[in-house]
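Residue strings, one per chain:
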Amino acid sequence: MAKFEFIEGKITEKDILEFEDSLLNNCGATCNFKGSVRADKHDTKYVSAIEFAAHEEIARKTAIEILEQAEIKFELMQSHILHSLGKINTTEICFYVSVASGHRKESFEALPWIVNEFKEKVPVFGKEIMEDGTYVWKSNKK
Amino acid sequence: MDIRIRYFGKLTDITRCNEELFDTQINAKLRTVIDDLFSKHPELKVATYTIFVNNKKSDLNNTTLNQDDEIVLMPPFSGG
């Protein structure tokens, strides 16, 4: 089953536990990815947080479409994404993806595909806030 | 008629707002509205963005606008 949610603020282990269903009887493999805010350097300044915004309606629809596609393409039994909105500090989790399948191969292959599709196609925008309060707009590497 | 236009990400630095109402003629072409927007926000001319009308990617030359339509301009995505 495909599930997507936005979380206001950082993603906590509690959010992840509440979000995840108990595994189906026939799932033999699960993989998950946790993306956190990195203290990138821009010129002489370091990123201290990222503030995320999204076109929520299009984002929800597109994320679910990606997950549903992945479930067919990789024969997944479950696929979930959480993404943060608002200000997330460095080291905190802002992006969580998990998949479950009968065997490991499908989950291993599906996870990076979903992460990359999400980054390319889902309208979320990050503003990198520096230690001194200035900012630059985040751009994703291909 | 008034059309609502929304901006995201770095485009909000150019327009200095997240959204605005834009007065245009009934059944105006999307291209006409975008050209008029360039007059108001010249820096948009060199910006990179995708245009959505009523939540669907829309073609500049083949889209006609109606009352209460919503245009959204979005720069390259940077989530995850």
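Going by the structure above, here's the rest.
Computed from a predicted structure; not experimentally measured.

So, how was this worked out
Residues numbered from 1 in each chain as written. Chains lettered and ligands numbered in written order. Predicted model: local features only at pLDDT ≥ 70, side-chain atom pairs only at ≥ 80, totals over all residues. Heavy atoms only, no water. 1 Å grid on protein atoms, 1.4 Å probe; cavity = no way out; pocket = protein on both sides within 12 Å on 5 of 7 lines; lining within 4 Å. Points joined across faces, edges and corners; volume = space filled by probe spheres on them. Helix = DSSP H or I, 4+ residues; strand = E, 2+ residues; numbered from the N terminus. Nonpolar A, V, L, I, M, F, W, Y, C, P; charged D, E, K, R; others polar. Contact = heavy atoms within 4.5 Å. Buried area = accessible area lost by both parts, 1.4 Å probe. Salt bridge = Lys/Arg side-chain N within 4 Å of Asp/Glu carboxyl O. Polar contact = N/O pair within 3.5 Å; in protein donor to acceptor, adjacent residues only side chain to side chain. Core = buried A, V, L, I, M, F, W, Y, C linked by side-chain atoms within 4.5 Å. Buried < 20%, exposed > 50% of the residue type's maximum accessible area, 1.4 Å probe, protein only. Pairing = 2+ DSSP bridges. Axes fitted to C-alpha atoms, helices over the stretch in contact; angles between N-to-C directions.

Visitor: Explain the layout of surface pockets to me, please; I cannot follow it from the model alone.
Guide: Taking a probe equal in size to a water molecule and rolling it over the atoms shows the remaining empty space. Of the pockets and cavities examined, the largest pocket occupies roughly 660 Å³. For the largest pocket, the lining is made up of 29 residues, of which Lys119(A), Glu120(A), Lys121(A), Pro76(B) and Phe77(B) are closest to its centre. Counting only elements with at least two residues in the lining of the largest pocket, the list comes to helix H2 (56–73), helix H3 (104–121) and strand E7 (124–130) of chain A together with strand E3 (50–53) of chain B. In terms of residue class, the lining of the largest pocket is made up of 10 nonpolar, nine polar and 10 charged. Lining the second largest pocket are 19 residues, with Arg38(A), Lys119(A), Lys138(A), Asn140(A) and Gly80(B) positioned closest to its centre. Among the elements of the structure, strand E2 (29–36), strand E6 (93–101) and H3 of chain A are those that each provide at least two residues to the lining of the second largest pocket.

Visitor: When you look at the interface of chain B and chain A in this model, what are you seeing that I'm missing?
Guide: Taken together, the contacts link 17 residues of chain B with 22 residues of chain A. Around 1500 Å² of area is buried between chain B and chain A when both sides are counted, 60% of it from carbon and sulfur atoms. For the chain B face of the interface with chain A, the top three residues by lost area are Phe77(B), Ser78(B) and Gly80(B), together amounting to 43%. Summed over the shared surface of chain B and chain A, the result is zero salt bridges. The interface formed by chain B and chain A holds 11 residue pairs in polar contact (both at pLDDT 80 or more) in total. Those elements giving two or more residues to the side of chain B that touches chain A turn out to be helix H1 (11–15) and strand E5 (70–74) of chain B.

Visitor: Can you walk me through the nonpolar core in this structure?
Guide: The tendency in soluble globular proteins is for nonpolar side chains to be buried as a group. Within the largest apolar cluster, 32 residues are counted, with the highest numbers of intra-cluster contacts made by Ile81(A), Ile114(A) and Phe118(A). When contributions to this core are tallied by element, the ones reaching two or more residues are strand E1 (2–8), strand E4 (45–54), H2, strand E5 (76–89), E6, H3 and E7 of chain A. Among the elements that make up this core, the one with the highest residue count is H3(A) (six residues). Discounting residues that sit within four places of it in the chain, Ile114(A) has contacts with Ile66(A), Leu67(A), Ala70(A), Leu76(A), Ser79(A), Ile81(A), Val97(A) and Val99(A). In terms of nonpolar packing, the next biggest core, distinct from the first, is built from 19 residues, Ile14(B), Phe22(B), Leu30(B) and Ile51(B) among them.

Visitor: Honestly, the pairing of E6(A) in this entry has me stumped. Any pointers?
Guide: Looking along a regular strand, one sees the side chains alternate between the two faces of the sheet. All names here are of chain A. For E6, a buried count of nine out of nine residues is recorded, marking the element as mostly surrounded by other parts of the structure. Pairing between E2 and E6: eight bridges, direction antiparallel. Opposite Thr-30, over in E6, you have Ala-100 as the bridge partner. Count of turn residues in the E5/E6 antiparallel hairpin: three residues, of which Thr-91 carries a positive phi of about 75°.

Visitor: How should the sheet that holds E5(B) be read in this particular structure?
Guide: In a beta sheet, neighbouring strands pair by backbone hydrogen bonds and run either parallel or antiparallel. Residues and elements named next belong to chain B. The five strands are arranged E2-E1-E5-E3-E4 in an open sheet whose pairing can be described as mixed. Either end of the sheet is taken by a strand with one partner, and the two such strands are strand E2 (19–23) and strand E4 (56–57). Strands in contact with helix H2 (residues 30–40) are strand E1 (2–7), E2, E3 and E5; relative to E2, the strand with the most contacts, it is inclined by about 115°.

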